[in-house]
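# Observations on chain architecture
The chain contents come next:
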There are 2 protein chains.
Amino acid sequence: MDKKKLRIIPLGGLGEIGKNMMVLEYGDDMLAIDVGLMFPQEDMLGVDLVIPDVSYLVEHRSKLRGIIITHGHEDHTGALPYVLPRLNVPIYSAPLTQGLISIKLKEHGLLDTSKLIAVQAGEKRSFGQFKVEFLHMCHSIPDALGLIITTPAGIVVHSGDFKLDYTPVDARATDFTRLAQMGGQGVLALMADSTYAEVAGYTPSEQVVGDALRHIMADAPGRVIVTTFASLISRIQQVIDAAAKYGRKVFVIGRSMNETVRIAQELGYLQSTQGVLSRLEELQRLPPNRIVLLTTGSQGEPTSALVRIANGEHKQVRILPDDTVVLSATPIPGNETLINGTIDSLFKQGAQVFYDKIAQVHVHGHGSQEELKLLINLVRPKFLVPIHGEYRHLSLHAKLAESLGIPRKNSFVLEDGDILELGQDGGEVVEKLPVGNVYVDGIGDIGHMVLRDRRALAQDGVVVVIVAIDKSSGQIVGRPELISRGFADKDEEDALMGKGRDLLARVLGRGDGHLSEASHVQGKVRESLSRLFYDETKRRPMILPMTVMV
Amino acid sequence: MDKKKLRIIPLGGLGEIGKNMMVLEYGDDMLAIDVGLMFPQEDMLGVDLVIPDVSYLVEHRSKLRGIIITHGHEDHTGALPYVLPRLNVPIYSAPLTQGLISIKLKEHGLLDTSKLIAVQAGEKRSFGQFKVEFLHMCHSIPDALGLIITTPAGIVVHSGDFKLDYTPVDARATDFTRLAQMGGQGVLALMADSTYAEVAGYTPSEQVVGDALRHIMADAPGRVIVTTFASLISRIQQVIDAAAKYGRKVFVIGRSMNETVRIAQELGYLQSTQGVLSRLEELQRLPPNRIVLLTTGSQGEPTSALVRIANGEHKQVRILPDDTVVLSATPIPGNETLINGTIDSLFKQGAQVFYDKIAQVHVHGHGSQEELKLLINLVRPKFLVPIHGEYRHLSLHAKLAESLGIPRKNSFVLEDGDILELGQDGGEVVEKLPVGNVYVDGIGDIGHMVLRDRRALAQDGVVVVIVAIDKSSGQIVGRPELISRGFADKDEEDALMGKGRDLLARVLGRGDGHLSEASHVQGKVRESLSRLFYDETKRRPMILPMTVMV
């Protein structure tokens, strides 16, 4: 390790959307930025959450000076309850972010033992040899921060998640001035959000959504049900404002949405004028056209309020014929089928549904290509490290930078675990840490082998075989027992199990010596049944042979 | 059943994208239109294909006069090999469609016993009391047909899949004249494609893609690898034309693409001037900038040529640094994750990748809202039956029609199995057939129970328990055996199985009478282990208890 060089180490979130986590290291100091979680993809069967592998930080815990959380979204905060017990360092964030983190840590019984430190945009803090200045950035949640990190190797700017909304809901635009000043001083590296590097042009302002919500509230003949992410506080503010304008009251459904709204109100990030936000008890007293319901479920999550409403399974809310439902969110890749199913159910029950494909009821929180270009032009970094995004987003971001005059060799498209050593004269990946996904399932986590088995079970089911063997004679006792699950329909299953039993009786009864070695018997069972079942069905169930010595 | 009314019965493909199949019935005559397949959704674990349930047709086989296939795409032809043996009626289609169907039937050994009848646009045929006139419609494959069906109850127009491309690749536009003539004569019902009812405006002409392909072929420094659907013959023609223009040769990779190209060439639907289409042996002799490779794999199918190339597993083709890859297709909903993974792999290997999000390398084959409106205005039907699409598409199509003056009660948004009886004075759903999905897995199909078990296995794995019981004493013999798969990591698994064994030894050893009833023992095992494992892990593996009487 070159002690005079800055190390930039992505521990999660490069090459995928979700568990954003970056580490800076210089000499004996380390600083972590964001600790998000990723929702499992389709092939991660039964997994609840995916979190970063922080072994490297645990190993060097004495060097770690703190964790900075740039803003309060799950994909930047969500893994904290899982990794904090192993790291136990202070967490720095803006007040709203801190409020949202507190909810999470409290749920996990970790709040009392955690050290949360609130910082404000404009403030400066030291983390060993790193001096960090916090910077206001515009995103789809208030209190989002960018970072100006002065290191002995040079200045690094970290964009956080950002867009360049000139008319944001909270009226606080991105701090261009400070970014441009840094560009004037000379920036070693820019670590910049790549999430929307595929999208040409500019991301529209949140204002566009405000307009759409106002039109819908004005025209809807009955109730309006708006669903969005619990953490999209600016959106919640827009819903409250639009409701107030047209004399509607807003009722919040569901625990997570209620928690967020409460915290945001307490901290002053959500204004509810004229008592627009109301208690659920009042719902019955109002006519439908004075009601707005606010729920989670925009990703079609099976246990969310919206999905239960759509399926007619919610205790308090059923769809009425004049209801209007607004999905104010875009699908996270992989959730399309669940979301489409939810929209279909709502239509079937007679609701009018507005969603991103047919109305401008959502805008992204991330900058598009022209915004990424503007950021690079303001900051004028020597090197670019694209962050936040799947591999193609990072590649396209590097290509954009090239079109602005940053040579391709000065952009570092990294993968998780890459250790980039960077100095004024260039950088290179000097090591690759073996970081993988950590899959949280219930209590504790599971590894690749377990997932591999689940995939095999999911594919063609399982056949369990029991063979009883006489200890003394080494001969099979009675007939083998076979049962299966997830393999074939009842009638076919019965026939196949019968054929399997006959085959095994023949194969194992041939008496080619002593059947005393369980592994030998199991191998024979597996081999003969696999062939039989594949020939008969072209399926390959997992075969679990067990021997009982009697 | 009202003998004087027309019955319209969707057997597959309303409420989902894929297995389009409509049936018309009048008195003693039935006519089926399209027999497509659907690719399995995420929760259909291990399923290869989903096909329509044709029990109703099998039951009334003597009334079925034929099957018309409107065009050669999988979602209109794919289930033929599975249902034809049960129906055994003639299949009517245009020549190219017939060629593509022949490949399929041949693969299944059904070609010799099938009766395929070629029809041309403009031709008329009788199917009992139904008189059908075939009509040229523009779609993303040549030879797509619409249908004008004269029935005793009135005229029905079936759009097939269509768009209103004024400059299609084969220069044959949709037959507006005939559609407008029908509008003048009076049409009872229009059955119209709803696939893109969510999309405002007009679908761009295929010409747009031709422009994009030409620019890419002109600028690419090395090979160009184009991937699209094998059946997208117009697209293949555009690739050939663009390659010819810039002195490149086209090499077709993969069996299905080669088959389609061969058939389309034989039937004259694909023109390869100057020997642009070349044999793979010539590949080595050409410099990279004179090469175009054409493959399937645009949906990220794990066994496709493109995915194997992207993963470095293809025998003949590896990605070179100057390669340009074009994904000339959009994701079928549900395939996003696979496709994104493929794009990421291609970027990682240094290829330049063009796909729908960043370049206009694909246009849809279906009409958008303004085209749907135009069709309704030309045909001027009394009733609308939106077809082809998920429920929300059908609902939005009905809403579009309402904006054109077709009252909501004159649009019938059906679900699969609904029997709509229609006459000049109105229509209603008189019955709902219990049609479900038929899931093809390997040889034969599987039912809901099997899928439910696979989902359970996929979620938290399986624990198999064997308990040996002494026949005479009714007491447990030795200790129970436990093994698991897909439940927990090795160390955790060992510990949990140990705890399970101890618990069972206690619970079953308590000697509360005779353990001679297997179901009693199995119930006890299931109950005590479920609780133990849930408490320890918050997971619920499937527990399979087996008893051996010794």
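On a predicted model such as this, the values are computed, not experimentally measured, just so you know. (Residues numbered from 1 in each chain as written. Chains lettered and ligands numbered in written order. Predicted model: local features only at pLDDT ≥ 70, side-chain atom pairs only at ≥ 80, totals over all residues.)

## A few points about the relation of the copies chain B and chain A
- In screw terms, the move from chain B to chain A is a rotation of 180° and a rise of 0.0 Å along the axis, fitting with an RMSD of 0.1 Å. Considering both components of the superposition, the chain copies are consistent with a two-fold axis. Closest approach to the rotation axis among the C-alpha atoms of chain B is made by Ala-458 of chain B, whose C-alpha sits 2.5 Å away.
- With an isologous cut-off of 70% or more, the 100% of interface residues of chain B that recur at the interface of chain A puts this contact in the isologous class. (Least-squares fit on C-alpha atoms with pLDDT ≥ 70 in both. Contact = placed C-beta atoms within 7 Å.)

## Overview of unusual backbone geometry
- Within the chain, Asn-88 of chain A stands out as a residue other than glycine whose phi angle is a positive 50°.
- Turning to its location among the elements, Asn-88 of chain A is positioned in the loop between helix H3 (80-87) and strand S6 (91-93).
- Asn-88 of chain A gets classed as exposed once you count the C-beta atoms within 10 Å, which come to 12.
- For Arg-380 of chain B, which is not glycine, the phi torsion reads 45° and is therefore positive.
- Looking at the element boundaries, Arg-380 of chain B is found in the loop between helix H11 (369-379) and strand S19 (381-387).
- By the C-beta count within 10 Å, which is 19 here, Arg-380 of chain B ends up partly exposed. (Helix = DSSP H or I, 4+ residues; strand = E, 2+ residues; numbered from the N terminus. Buried ≥ 20, exposed ≤ 12 C-beta atoms within 10 Å, placed from the backbone.)

## Here we look at the domain arrangement of chain A
Residue and element names in this part refer to chain A.
- Under the domain assignment, chain A is made up of domain 1 (6-201 + 364-440), domain 2 (207-354) and domain 3 (461-549).
- Listed as interface residues are 19 residues of domain 1 and, on the opposing side, 16 residues of domain 2.
- Of all the elements, helix H4 (residues 95-107) adds the most residues to the side of domain 1 that touches domain 2, at 5 residues.
- Tallied by class, the residues present in the side of domain 1 that touches domain 2 amount to 10 nonpolar, 6 polar and 3 charged. (Domains from an automatic or database assignment. Nonpolar A, V, L, I, M, F, W, Y, C, P; charged D, E, K, R; others polar.)

## Some details on the sheet that holds S6 of chain A
All names here are of chain A.
- One open sheet accounts for 8 strands, arranged S7-S6-S5-S3-S2-S1-S20-S21; its pairing is mixed. The open sheet has two edge strands with one neighbour each: strand S7 (116-118) and strand S21 (426-432). Sheet twist, expressed as the mean angle between neighbouring strand axes with direction ignored, is 25°.
- In the packing of H4 onto the sheet, the strands contacted are S6 and S7, and the crossing angle to S7 comes to about 160°. (Pairing = 2+ DSSP bridges. Axes fitted to C-alpha atoms, helices over the stretch in contact; angles between N-to-C directions.)

## Remarks on the interface of chain B and chain A
- Between chain B and chain A, the contact holds 57 residues from the first and 57 residues from the second.
- Of all the secondary structure elements, the ones that give two or more residues to the side of chain B that touches chain A are helix H10 (336-348), helix H12 (391-403), helix H13 (448-460), strand S24 (462-469), strand S25 (476-485) and strand S26 (542-549) of chain B.
- Residues that form the side of chain B that touches chain A fall into these classes: 25 nonpolar, 14 polar and 18 charged.

## Section: the nonpolar core
- Core analysis: the biggest nonpolar cluster contains 355 residues, and Leu-294 of chain A together with Leu-294 of chain B have the highest contact counts within it.
- Here Leu-294 of chain A is in contact with Val-226, Ile-236, Val-239, Val-250, Phe-251, Val-252, Ile-253 and Met-257 of chain A, once residues within four sequence places are set aside. (Core = buried A, V, L, I, M, F, W, Y, C linked by C-beta atoms within 7 Å.)

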